[in-house]
Amino acid sequence: MNTLEIFIKPWQEASQDAYLIRRQVFIEEQGVPLDMELDQFDPLAKHALAYQGPLCVGTGRLVMVDSNHAQIGRMAVLSAFRNQGIGKAILINFIGQAKAEEISVLTLHAQVSAIPFYAKLGFLPEGAIYDEAGIAHRNMMLSLVNTI
């Protein structure tokens, strides 16, 4: 089995691999409209790419909202590689990155089916469930203040 490696890259370096995964997961599997998948935040974000050997199998992005707040988004793992801890590894990497940059709050828009996944790492649901790209979502938040 290949070792999982996660790299954080700017969009210019991450776009090809990240988009391949996002297209397959969000557009092809989940029916997200093509024109909604790429947005103005991609060039501003830090993108995580998870590799098993030479194959990119997962991605996510971290967008700065302000100096103390960042938003995680576009978390996706190829279907054949799910339930192997790859999404968790990407999320842990982002939490570590946020702590290193002294970010105090992380937020995300969780698909309702993924709420338990994020909750295991300390994210708390906030507000009502809403529709985003035809999929039920709920905001979640993780406070990094006074955490080790």
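Quick look at the structure, then. This is a predicted model, so every value here is computed, not measured.

1. Overview of the overall build of the chain
(1) Moving on: Each helix and strand counted, the chain has 4 helices and 7 strands in total.
(2) Moving on: Starting at the N terminus, the α and β elements of the chain follow one another as β-α-α-β-β-β-α-β-α-β-β.
(3) Moving on: Over its C-alpha trace the chain gives a radius of gyration of 15 Å, about what one expects of a compact globule, namely 15 Å for 148 residues.
(4) Moving on: Split into buried and exposed, the 148 residues of the chain put 40% on the buried side.
(5) Moving on: Taking as baseline every contact in the chain between residues at least 6 positions apart, the subset at least 24 positions apart corresponds to 62%.
(6) Moving on: Carbon and sulfur atoms make up 55% of the accessible area of the chain, which totals about 8,000 Å².
(7) Moving on: A distance of 6 Å separates the average location of the 11 positive side-chain charges in the chain from that of its 15 negative side-chain charges.

2. Digging into the environment of Arg22
(1) Moving on: Summarising the element assignment, Arg22 is placed in helix 1 (residues 11–29).
(2) Moving on: Here the alpha-carbon distance between Arg22 and Leu38, two residues 16 residues apart in the chain, equals 9.1 Å.
(3) Moving on: In this view, Arg22 contacts Trp11, Ile27, Glu37, Leu38, Asp42, His47, Thr59, Arg61 and Arg74; residues no more than four positions away in its chain are not counted.
(4) Moving on: Among the polar contacts listed, one links the side chain of Arg22 to the side chain of Glu37, at a separation of 2.4 Å.

3. Focus: the packing of aromatic side chains
(1) Moving on: Taken as a whole and assessed by the stated rule, the structure comprises 3 aromatic pairs.
(2) Moving on: A ring pair is formed by Phe7 and Tyr51, whose centres lie 5.7 Å apart and whose planes are at 65 degrees; its orientation type is edge-to-face. In this pair, Phe7 sits in strand 1 (residues 4–10) while Tyr51 sits in strand 2 (residues 46–52), placing the two residues 44 residues apart along the sequence.
(3) Moving on: Connected via pairs of aromatic rings, a cluster forms that spans Phe117, Tyr118 and Phe123.

4. Description of the side chain of Arg74
(1) Moving on: Locating Arg74 in the fold gives a position in strand 4 (residues 69–77).
(2) Moving on: Side-chain polar atoms of Arg74 contact the backbone oxygen of Glu37, separated by 3.1 Å.

5. Description of the side chain of Thr59
(1) Moving on: Structurally, the position occupied by Thr59 is in strand 3 (residues 55–66).
(2) Moving on: Overall, the relative accessible area of 1% leaves Thr59 in the buried class.
(3) Moving on: Side-chain polar atoms of Thr59 contact the backbone oxygen of Ala48, separated by 2.9 Å.
(4) Moving on: Setting aside residues up to four positions removed in sequence, Thr59 forms contacts with Ala18, Ile21, Arg22, Ala48, Leu49, Arg74, Met75, Ala76 and Ile90.

6. Overview of the layout of surface pockets
(1) Moving on: In this model, the largest pocket occupies a volume close to 990 Å³.
(2) Moving on: Forming the boundary of the largest pocket are 39 residues, of which Phe26, Arg74, Met75, Gln111 and Tyr118 lie nearest the centre.
(3) Moving on: When residues of the lining of the largest pocket are traced back to their parent elements, those giving at least two are helix 1, helix 2 (34–37), strand 3, strand 4, helix 3 (86–100), strand 5 (105–111), helix 4 (115–119) and strand 7 (135–143).
(4) Moving on: With 7 residues, the top contributor of residues to the lining of the largest pocket is strand 4.
(5) Moving on: For the lining of the largest pocket, the residue count by class is 20 nonpolar, 11 polar and 8 charged.

7. Here we look at the pairing of strand 5
(1) Moving on: Buried residues dominate strand 5, accounting for 5 of its 7 residues.
(2) Moving on: Pairing analysis gives 4 bridges linking strand 4 to strand 5, with the strands arranged parallel. By the bridge assignment for strand 5, Ala70 is matched with Leu106.
(3) Moving on: Of the crossover connections in this fold, the one passing from strand 4 over helix 3 to the parallel strand 5 is right-handed.
(4) Moving on: In this sheet, strand 7 lies alongside strand 5 in antiparallel orientation, the contact comprising 7 bridges. Within strand 7, the residue paired with His109 across the bridge is Asn139.

Calculation notes
- Residues numbered from 1 in each chain as written.
- Predicted model: local features only at pLDDT ≥ 70, side-chain atom pairs only at ≥ 80, totals over all residues.
- Heavy atoms only, no water.
- Helix = DSSP H or I, 4+ residues; strand = E, 2+ residues; numbered from the N terminus.
- Rg over C-alpha atoms; globule rule 2.2 N^0.38 Å.
- Buried < 20%, exposed > 50% of the residue type's maximum accessible area, 1.4 Å probe, protein only.
- Contact = heavy atoms within 4.5 Å.
- Areas by Shrake-Rupley, 256 points an atom, 1.4 Å probe, with all protein chains shown as cover.
- Lys, Arg positive; Asp, Glu negative; His and termini not counted.
- Charge placed at Lys NZ, Arg CZ, Asp CG, Glu CD.
- Polar contact = N/O pair within 3.5 Å; in protein donor to acceptor, adjacent residues only side chain to side chain.
- Phe/Tyr/Trp six-rings, centres within 6.5 Å; stacked < 30°, edge-to-face > 60°.
- 1 Å grid on protein atoms, 1.4 Å probe; cavity = no way out; pocket = protein on both sides within 12 Å on 5 of 7 lines; lining within 4 Å.
- Points joined across faces, edges and corners; volume = space filled by probe spheres on them.
- Nonpolar A, V, L, I, M, F, W, Y, C, P; charged D, E, K, R; others polar.
- Pairing = 2+ DSSP bridges.
- Right-handed = clockwise from strand over helix to strand, strands pointing away.

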